[in-house]
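# Coordinates in review
Residues per chain are reported as follows:
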Amino acid sequence: TMAGLVQAQAPAGPPAGHQMLLTPEDRAAMGQIFWHRMQETLGLSGEQATEIRALLDAQRTAARTTGQELRAARKQLRGLLDQQTPDPAAVQAAASQIKTLQAAMFDAHLQTQLALRAKLTPAQWQQWQSLHSGQGHRGRRPGPWFGPSK
């Protein structure tokens, strides 16, 4: 039949316009590839690689938790602001919580950068900076977290 012929010719994979989501295994494999390239590019010693990987893994875990709290706080604020007559004290409290969480994320990032800087040689640090200077991450504009762009 014609329907069978059309079905047999349809390409395998997701329907047009749909993106495939990465599995946890895909993400882990991509992370390994990225890490090996970074280690090679910077010329990290085995000890440096181990210490830096642990540092970045710990930072990522903490940032994930704080990020979840920040998203929940922003959702709460939106809910308060969507009310017909928002309670100013509740809105201010939610806003203060958001500011506190944003400051905590900034401080954690800064501490990670200082710890990372202490583990790299000046040449490695310069290479690290150049690799990350124009790299945009999800939800973040490209460039440094603070200070003027180069």
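Residues numbered from 1 in each chain as written. Predicted model: local features only at pLDDT ≥ 70, side-chain atom pairs only at ≥ 80, totals over all residues. Heavy atoms only, no water.

### Examining a positive patch on the surface
Test applied: Like charges are joined within 9 Å and nonpolar side chains (Val, Leu, Ile, Met, Phe, Trp, Tyr) within 5 Å, but only among residues with over 30% relative accessible area and no salt bridge; these make up the patches. In these tables, accessible area is a Shrake-Rupley quantity obtained with a 1.4 Å probe, and a residue counts as shielded only by the protein chains included in the view. Put simply, a salt bridge is a Lys or Arg side-chain nitrogen that is within 4 Å of an Asp or Glu carboxyl oxygen. A residue counts as positive if it is Lys or Arg and as negative if it is Asp or Glu; His and the chain ends are not included. Every charge is mapped to an atom, namely NZ of Lys, CZ of Arg, CG of Asp or CD of Glu. Helix and strand assignments come from DSSP, with helices taken as H or I runs of at least 4 residues and strands as E runs of at least 2, each series counted from the N terminus.
The grouping of Arg-71, Arg-74, Lys-75 and Arg-78 at the surface amounts to a positive patch. Here Arg-71 is to be found in helix α3 (residues 46-82).

### Section: the side chain of Thr-66
Using the following cut-off: Note on classification: 1.4 Å probe, protein chains only; a residue is buried when its accessible area is under 20% of the maximum for its type, exposed when over 50%, partly exposed between these limits. Only heavy atoms matter for contacts: two residues are in contact if any of them lie within 4.5 Å across the pair.
By secondary structure assignment, the location of Thr-66 is in helix α3. According to the relative accessible area criterion, Thr-66 is buried, its value standing at 18%. Discounting chain neighbours no more than four positions away, the residues touching Thr-66 are Leu-101 and Met-105.

### Topic: the packing of helix α4 (residues 88-119) against helix α5 (residues 122-132)
This is how the line gets drawn: Structural elements are reduced to axes, namely lines fitted to C-alpha atoms, with helices fitted over the stretch in contact, and the angle between N-to-C directions of any two is expressed from 0 to 180 degrees. These descriptions rest on fixed angle ranges, namely under 35 degrees for roughly parallel, over 145 for roughly antiparallel, 65 to 115 for roughly perpendicular, and the rest for oblique. Side-chain classes follow a simple rule in which Ala, Val, Leu, Ile, Met, Phe, Trp, Tyr, Cys and Pro form the nonpolar group, Asp, Glu, Lys and Arg form the charged group, and the remainder, Gly included, forms the polar group.
Packing of α4 against α5 leaves a shortest axis separation of 8 Å and a crossing angle of 135°. As judged from the angle between their axes, α4 and α5 are oblique. Note on element contacts: α5 touches α4 through Pro-122, Gln-124, Trp-125, Trp-128 and Gln-129, opposite Gln-113, Leu-116, Arg-117 and Lys-119. Split by residue class, the contact of α4 with α5 holds 4 nonpolar, 3 polar and 2 charged.

### As for the confidence of the model for the protein chain
For clarity, the cut-off: A residue's pLDDT is the predictor's confidence in that residue, given on a scale from 0 to 100.
Predicted confidence across the protein chain gives a mean pLDDT of 80, with 75% of residues reaching 70 or more. Ranking the elements of the protein chain by mean pLDDT puts helix α1 (residues 2-9) last, at 48, and α4 first, at 95. The model gives residues 1-8 a pLDDT under 50, and that stretch makes 0 contacts with residues more than four places away or in other chains.

### Comments concerning α4
Our working definition: Here a helix's expected span is defined as the number of its residues, less one, multiplied by 1.5 Å.
Taking 1.5 Å as the rise per residue, α4 with 32 residues should run 46 Å; its terminal C-alpha atoms sit 47 Å apart, in good agreement. Turning to α4, its buried residues are Val-91, Ala-94, Ala-95, Ile-98, Leu-101, His-109, Thr-112, Gln-113 and Leu-116. At its buried positions, α4 is contacted by α3 and α5.

### Quick word on the nonpolar core
Going by this rule: We define a nonpolar core as any set of buried Ala, Val, Leu, Ile, Met, Phe, Trp, Tyr and Cys residues linked to one another through side-chain atoms lying within 4.5 Å.
By size, the foremost hydrophobic cluster in this structure holds 12 residues: Trp-35, Met-38, Leu-42, Leu-44, Ala-49, Ile-52, Leu-55, Leu-56, Leu-116, Leu-120, Trp-125 and Trp-128. Those elements giving two or more residues to this core turn out to be α2 (24-42), α3 and α5. Leu-70, Leu-80, Ile-98 and Leu-101 belong to the second largest nonpolar core, which has 8 residues in total.

### With respect to the packing of α2 against α3
Going by this rule: Throughout, a crossing is termed right-handed when the near helix is turned clockwise from the far one, and left-handed when it is turned anticlockwise from it by less than a right angle.
One can describe the packing of α2 onto α3 by two numbers: an axis separation of 12 Å at closest approach and a directional angle of 135°. Classified by the angle between their axes, α2 and α3 sit oblique to one another. Once α2 is placed against α3, the crossing between them reads as right-handed. Between α2 and α3, the residues in contact are Gln-32, Trp-35 and Gln-39 and Ala-49, Ile-52, Arg-53 and Leu-56, respectively. The residue makeup of the contact of α2 with α3, split by class, is 4 nonpolar, 2 polar and 1 charged.

### Section: α5
Quick note on the threshold: The arc in question is traced by the directions running from the helix axis to the C-beta atoms.
Residues of α5 that are buried include every one of Gln-124, Trp-125, Trp-128 and His-132, and no others. The buried residues of α5 occupy an angular sector of 100° when the element is viewed end-on, so they sit on one face. For α5, the exposed residues lying more than 90 degrees away from the buried face are Pro-122, Ala-123 and Gln-126.

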